[in-house]
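# Understanding the architecture of this molecule
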Protein chains: 2
Amino acid sequence: MMMLLLVAHGSRRDESNAEVKALANQLLSAESGFADIDCAFLEIAQPSIPDGLRQLIAKGALEIVVMPYFLSAGRHVSSDIPAEIEQVRVEHPEINIRMAPYLGASAEIAQIVMQQASSVLQEI
Amino acid sequence: MMMLLLVAHGSRRDESNAEVKALANQLLSAESGFADIDCAFLEIAQPSIPDGLRQLIAKGALEIVVMPYFLSAGRHVSSDIPAEIEQVRVEHPEINIRMAPYLGASAEIAQIVMQQASSVLQEI
């Protein structure tokens, strides 16, 4: 079974973490190619990335896509998250765990920026 | 004249800051409702938000939209950026400076997440 783990930075602000959980739930209830969708956090909030992966494996995942919910390809995306994933790859070599491109890499982001910015222009 | 200031967190990693500048340039070259588009950073990188605003005003902006390039509505979006903007509002009460909703507030973000996550599924 293919499952998705949405990975965010994690915040001291509970509302920010709740936003990510809400997004994961929203994605799950929509038509997706994934049997289950959870979220995990690099720092501060729970579950951690290794725990998030282990929970999906316990739910029967044979393949997991890890999606970095990050706008920039910084140290978090290029080395921190892969290191967290590697811990679980070592524990579960039979599970196929892959990283998707981080959110900011999407060519569509520019369109969303313009929509958000332009939405203010419609207020007179 | 209406101008746009894209505001990102700022990173010690030059490439991350360069990504934001590239995005601002990409938006400028596309059809937009803005006479000019620049970027500024809350921390670490230049220009700061007040300097970014002052530069647009020096270029003739009478109205500026500030677009937070942030995924979550944390302290940065709710208080830090508004405080930076307020410094310049006090200097230039004749300039209309408004904040657009932060990027993560867009209803389209969920679609982008799914596209990015699903792009991995097509690799066999």
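Below is a short write-up of the structure. Remember, predicted model here, so these are calculated numbers, not experimental data.

### Some remarks on the overall build of chain A
Counting its secondary structure elements, chain A contains four helices and four strands. Start at the N end of chain A and walk to the C end: the helices and strands fall as β-α-β-α-β-α-β-α. The C-alpha extent of chain A, read off along each of the three principal axes, is 55 × 30 × 30 Å. Across the 124 residues of chain A, 52% fall into the buried class. Sequence separation of 24 or more characterises 72% of the internal contacts of chain A that already satisfy a separation of 6 or more. Of the accessible surface of chain A, which amounts to about 5600 Å², a share of 52% is contributed by carbon and sulfur atoms. For chain A, the separation between the mean place of its 8 positive charges and that of its 16 negative charges on side chains is 4 Å.

### Section: the interface of chain A and chain B
Often, the extent of an interface is quoted as the loss of accessible area upon association of its parts. Contact residues are listed per partner, giving 43 residues for chain A and 43 residues for chain B. Surface buried jointly by chain A and chain B totals about 3500 Å² across both partners, of which 70% is contributed by carbon and sulfur atoms. Applying the counting rule to chain A against chain B returns zero salt bridges. Within the residue set of the side of chain A that touches chain B, elements represented by two or more residues are β1 (2-8), α1 (14-29), β3 (63-68), β4 (96-99) and α4 (109-121) of chain A. Looking at the side of chain A that touches chain B element by element, the count peaks at twelve residues for α4 of chain A. Considering only residue class, the side of chain A that touches chain B consists of 27 nonpolar, ten polar and six charged.

### As for the relation of the copies chain A and chain B
For the pair chain A and chain B, the relating rotation is 180°, the translation along its axis is 0.0 Å, and the fit reaches an RMSD of 0.0 Å. What the rotation and shift describe, once combined, is the action of a two-fold rotation axis. The position closest to the rotation axis in chain A is occupied by the C-alpha of L71 of chain A, lying 3.6 Å away. An overlap of 100% is found between the interface residues of chain A and their copies at the interface of chain B, pointing to a shared contact surface.

### Quick word on the packing of α4 of chain A against helix α1 (residues 14-29) of chain B
Across the interface, α4 of chain A lies against α1 of chain B with an axial gap of 10 Å and an inter-helix angle of 70°. In this view, α4 of chain A runs roughly perpendicular relative to α1 of chain B, as classed from their interaxial angle. α4 of chain A and α1 of chain B meet at a crossing whose hand is right-handed. Facing A110, V113 and M114 of chain A of α4 of chain A, the residues of α1 of chain B in contact are L23, Q26 and L27 of chain B. Broken down by class, the residue content of the contact of α4 of chain A with α1 of chain B amounts to five nonpolar, one polar and no charged.

Rules of the game
Residues numbered from 1 in each chain as written. Chains lettered and ligands numbered in written order. Predicted model: local features only at pLDDT ≥ 70, side-chain atom pairs only at ≥ 80, totals over all residues. Heavy atoms only, no water. Helix = DSSP H or I, 4+ residues; strand = E, 2+ residues; numbered from the N terminus. Buried < 20%, exposed > 50% of the residue type's maximum accessible area, 1.4 Å probe, protein only. Contact = heavy atoms within 4.5 Å. Areas by Shrake-Rupley, 256 points an atom, 1.4 Å probe, with all protein chains shown as cover. Lys, Arg positive; Asp, Glu negative; His and termini not counted. Charge placed at Lys NZ, Arg CZ, Asp CG, Glu CD. Buried area = accessible area lost by both parts, 1.4 Å probe. Salt bridge = Lys/Arg side-chain N within 4 Å of Asp/Glu carboxyl O. Nonpolar A, V, L, I, M, F, W, Y, C, P; charged D, E, K, R; others polar. Least-squares fit on C-alpha atoms with pLDDT ≥ 70 in both. Axes fitted to C-alpha atoms, helices over the stretch in contact; angles between N-to-C directions. Parallel < 35°, antiparallel > 145°, perpendicular 65-115°, else oblique. Left-handed = near helix turned anticlockwise from the far one by under 90°.

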